[in-house]
Amino acid sequence: MNNKTLFSKDNQYLKAYFNYLLKYKGLLGLGFILIPLISFFHIVQPALVKHGIDQNILRKDLDGLLMTSLIFGSCILLEFICKSLQGFLFQYIGQKTVAEIRRDLFKHILNLSSKYFDNTPIGSVTTRLTTDIEALNDSFASGLVTLLGDLLTLIGILSMMLIDRKSTRLNS
């Protein structure tokens, strides 16, 4: 089997997997909406610390420092809540999807001829039904989401650096 055939098969598998995921598009949408929120709450924290030091501590503004501290604490709490909700949503979607795929594959296996089982080692069928499907779930639940979140965080950090050129020494 050549690489082109393998790539074509992989594309078919991914399309089938995304069809299972689309059954949960509302929850998926909510999970993906949480990604920029998490990045925002994460990125704003250092800016609040800078504001607290430069505007409140150096000017001895204790009321302002209290307000900045409350906003900072709120950002930490909101980031935690969003991350927890997102993790729960994606794990829930992943587990439901894996259960549906396994159910459908089990139905498919029950309809296979006995000749298939004579020619195929039972260990390879079992491995496909457990390990491979679980790896697919893990790659969605952590890999793709983490990649998108990290990308947005990086963009946000670079934006903050460009906004505050004096502190980052990016001025010419």
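Residues numbered from 1 in each chain as written. Predicted model: local features only at pLDDT ≥ 70, side-chain atom pairs only at ≥ 80, totals over all residues. Heavy atoms only, no water.

Let us look at the overall build of the protein chain. Broken down by element type, the protein chain carries six helices and zero strands. Listing every helix and strand of the protein chain by position from the N terminus yields α-α-α-α-α-α. In the protein chain, which comprises 172 residues, the proportion classed as buried is 24%. Considering only residue pairs separated by 6 or more positions, the protein chain has 81% of its internal contacts joining residues 24 or more positions apart. For the protein chain, the accessible area works out to roughly 12100 Å², and carbon and sulfur atoms hold 67% of it. (Helix = DSSP H or I, 4+ residues; strand = E, 2+ residues; numbered from the N terminus. Buried < 20%, exposed > 50% of the residue type's maximum accessible area, 1.4 Å probe, protein only. Contact = heavy atoms within 4.5 Å. Areas by Shrake-Rupley, 256 points an atom, 1.4 Å probe, with all protein chains shown as cover.)

Glancing now at the side chain of Asn56. Along the chain, the position of Asn56 falls in helix α2 (residues 25–57). According to the relative accessible area criterion, Asn56 is buried, its value standing at 3%. Contacts of Asn56, omitting those with residues within four sequence positions, involve His51, Asp61, Gly64, Leu65 and Thr68.

Structurally, Glu79 is set in helix α3 (residues 62–110). Owing to a relative accessible area of 9%, Glu79 belongs among the buried residues under this scheme. Engagement of the side chain of Glu79 in a polar contact is seen with the side chain of His42, the distance being 3.1 Å. Those residues in contact with Glu79 that lie beyond four places of it in its chain are Ile38, Phe41, His42 and Gln45. (Polar contact = N/O pair within 3.5 Å; in protein donor to acceptor, adjacent residues only side chain to side chain.)

A word on α2. Taking 1.5 Å per residue as the helical rise, α2 with its 33 residues ought to reach 48 Å, and the 47 Å between its terminal C-alpha atoms agrees with that figure. By the largest-angle criterion, Gln45 marks the main kink of α2, which is about 25 degrees, and a proline, Pro46, follows within four residues. (Expected span 1.5 Å × (residues − 1). Bend = angle between axes of the 7 residues up to and from the residue.)

Another point: the packing of aromatic side chains. Here the structure, examined in full by the defined rule, presents four aromatic pairs. Taking 5.6 Å as the distance between ring centres and 65 degrees as the angle between the ring planes, the aromatic pair formed by Phe40 and Phe41 counts as edge-to-face. Assessed through its relative accessible area of 48%, Phe40 is described here as partly exposed. Phe41 gets classed as buried once you look at its relative accessible area, which sits at 11%. (Phe/Tyr/Trp six-rings, centres within 6.5 Å; stacked < 30°, edge-to-face > 60°.)

In this section: a nonpolar patch on the surface. The grouping of Leu27, Leu30, Leu85, Phe88 and Tyr92 at the surface amounts to a nonpolar patch, some 420 Å² of accessible area in total. Those elements that place two or more of their residues in the nonpolar patch are α2 and α3. Ranked by residues supplied to the nonpolar patch, first place goes to α3 with three residues. Of note, Leu27 is situated in helix α2. (Patch = residues over 30% accessible without salt bridge, like charges linked within 9 Å, V, L, I, M, F, W, Y side chains within 5 Å. Salt bridge = Lys/Arg side-chain N within 4 Å of Asp/Glu carboxyl O.)

Turning next to the pattern of salt bridges. Under the definition given, this model contains four salt bridges. The partner of Lys50 in a salt bridge is Asp54, and the shortest N-O contact between them spans 2.9 Å. Here Lys50 and its partner Asp54 are both found in helix α2, four residues apart, which amounts to about one turn of the helix. In this structure Lys50 comes out as partly exposed when scored by relative accessible area, which is 32%. Among the ionic pairs, Arg103 bridges to Asp104, the shortest N-O distance being 3.3 Å. By relative accessible area, which is 42% here, Arg103 ends up partly exposed.

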